[in-house]
Amino acid sequence: MNNNFKMVAKTMFGFEEMLAKELRNLGASNVEEGIRSVSFEGDTGFMYKANLCLRTAIKIIKPIYSFKVRNEDDLYKKIYDMDWFNYLSIDTTFAIDATVNSENFTHSLYVSQKTKDAIVDRFRDTDGSRPDVDIKFPDVRINIHIQNDHCNVSLDSSGRSLHQRGYRTATNIAPINEVLAAGLLLLSGWDGQCDFLDPMCGSGTLLTEAAMIACNIPANINRKEFAFEKWHDYDEALFDKIVESSLNRTRDFHHKIIGYDKAPSAVRKAIDNVENANLSEYITIERKNFFDTEKFTENHLHMVFNPPYGERLDIEMEDFYADIGNTLKRNYPGTDAWFITSNLEALKFVGLRPSRKIKVFNSHLESRLVKYVMYEGSKKAKFNKME
């Protein structure tokens, strides 16, 4: 018997294709890319697995009802008529998240309020009492999405955003979020088959995500809880089985993952976070200024980093980016160097031509993930050798 149902994984701009690939690799069916989202089908166990294992998903939501809607009264009536007793009880707390893109509905807060009223009134009319709203820590989080005249009602199976992996307790100024870090690593082609360096590692997020990818460790194994654990139909034995089976798929890693930062406070925070993720055996963190370093291996090196930018540090951008280019040229032959920046002007001062530029967003900032291929010897010598 097929117990599959439709789900939607939300993600960041530019990560849709990678998330679709992750879902297929996990075993999802009917995978379809959207904008900042990917829809797919799977059973309850797969919903647990998606939350546990996906690296580039922010939320996994489970649609439960959809309908055409004309106005607020229509919304109230159709929400009221739903069989909420399948999902909530008077002892359950809940919260509503609403997103609207419609001429008929202009305020998401008003849509949330109307939805809440309909649910509460339904319980009160039926049972004489009602469940409470808890905006911060609800037992059930309900997602309302109105696009023109179409309303989708979904349950949020994740709860807090899936970028909150559970290992990062200490952060620096403007840390890169975990989903963004994992997405950048996957876009760069990182697969754990060589040595890795983050030369400006901050609180260690790229290092930690790189080690988890290299060892095939489930992305959210350190997370304290998921929203689905409070649902009426939560199957703890099934979830334990999914966790065990996912951990059985981890693999050995035989290379080095190294991080540098010149700030002692950043080094301390990065070491703490790596320890929290139980990855200290794979990751080495040292206090070093990247501009004074040389490549630590004779083999191929994969480098991914998030350099500081004007919004968060008082630095001379032109000199700083020129130093990045000079250090790569002089000291890092045989390296694929990738970094993300929102300062598109500053890229001109690197003095190297990027072989790839990928548009991504770091929070609200439009950015580029750029790749510089540093050949062994000169580029000319490389091509002469190939002829």
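All of these numbers come straight from a predicted model, not from anything done at the bench.

1. Things to note about the UniProt feature "domain: THUMP" (unreviewed entry) in the protein
Sites flagged by UniProt as "domain: THUMP" (unreviewed entry) map to residues 46-157. Secondary structure content for residues 46-157 is 34% helix and 29% strand, while the C-alpha to C-alpha distance between its ends is 12 Å.

2. Digging into the sheet that holds strand β1 (residues 5-10)
Sheet architecture is open: 7 strands sit in the order β2-β3-β1-β4-β7-β6-β5, paired in mixed fashion. Across the chains shown, the open sheet's two edge strands, defined by having one partner strand only, are β2 (29-33) and β5 (94-101). Taking the axes of each pair of neighbouring strands and ignoring which way they run, one obtains an average angle of 25 degrees across the sheet. Here strand β6 (residues 140-147) runs beside strand β7 (residues 150-156); their pairing, made up of 6 bridges, is antiparallel. When the sheet's bridge partners are listed, H145 is paired in β7 with N152. Of the strands in this sheet, β4 (59-68), β6 and β7 touch helix α3 (residues 72-81), which is tilted by about 110 degrees from β4.

3. A closer look at the environment of Q164
In this structure, Q164 sits in the loop between β7 and α5 (178-187). In this structure Q164 comes out as partly exposed when scored by relative accessible area, which is 29%. For the pair Q164 and E225, spaced 61 residues apart in sequence, the C-alpha to C-alpha distance is 10 Å. Excluding residues that lie within four positions of it along the chain, Q164 makes contacts with N220 and R223.

4. Description of the pattern of salt bridges
Under the counting rule described, the total for this entry stands at 14 salt bridges. The residue R70 makes a salt bridge to D74 at a minimum N-O spacing of 3.8 Å. The class of R70 is exposed, set by a relative accessible area of 58%. A relative accessible area of 7% means that D74 is categorised as buried. A salt bridge links K78 to D74, with the nearest nitrogen and oxygen atoms 3.5 Å apart. Of this pair, K78 and D74 are both found in helix α3, 4 residues apart, which corresponds to roughly one turn of the helix. What emerges from the salt-bridge pattern is a single network uniting R70, D74 and K78.

What counts, and at which threshold
- Residues numbered from 1 in each chain as written.
- Predicted model: local features only at pLDDT ≥ 70, side-chain atom pairs only at ≥ 80, totals over all residues.
- Heavy atoms only, no water.
- UniProt positions renumbered as here; feature names shortened; annotations may be inferred.
- Helix = DSSP H or I, 4+ residues; strand = E, 2+ residues; numbered from the N terminus.
- Pairing = 2+ DSSP bridges.
- Axes fitted to C-alpha atoms, helices over the stretch in contact; angles between N-to-C directions.
- Contact = heavy atoms within 4.5 Å.
- Buried < 20%, exposed > 50% of the residue type's maximum accessible area, 1.4 Å probe, protein only.
- Salt bridge = Lys/Arg side-chain N within 4 Å of Asp/Glu carboxyl O.

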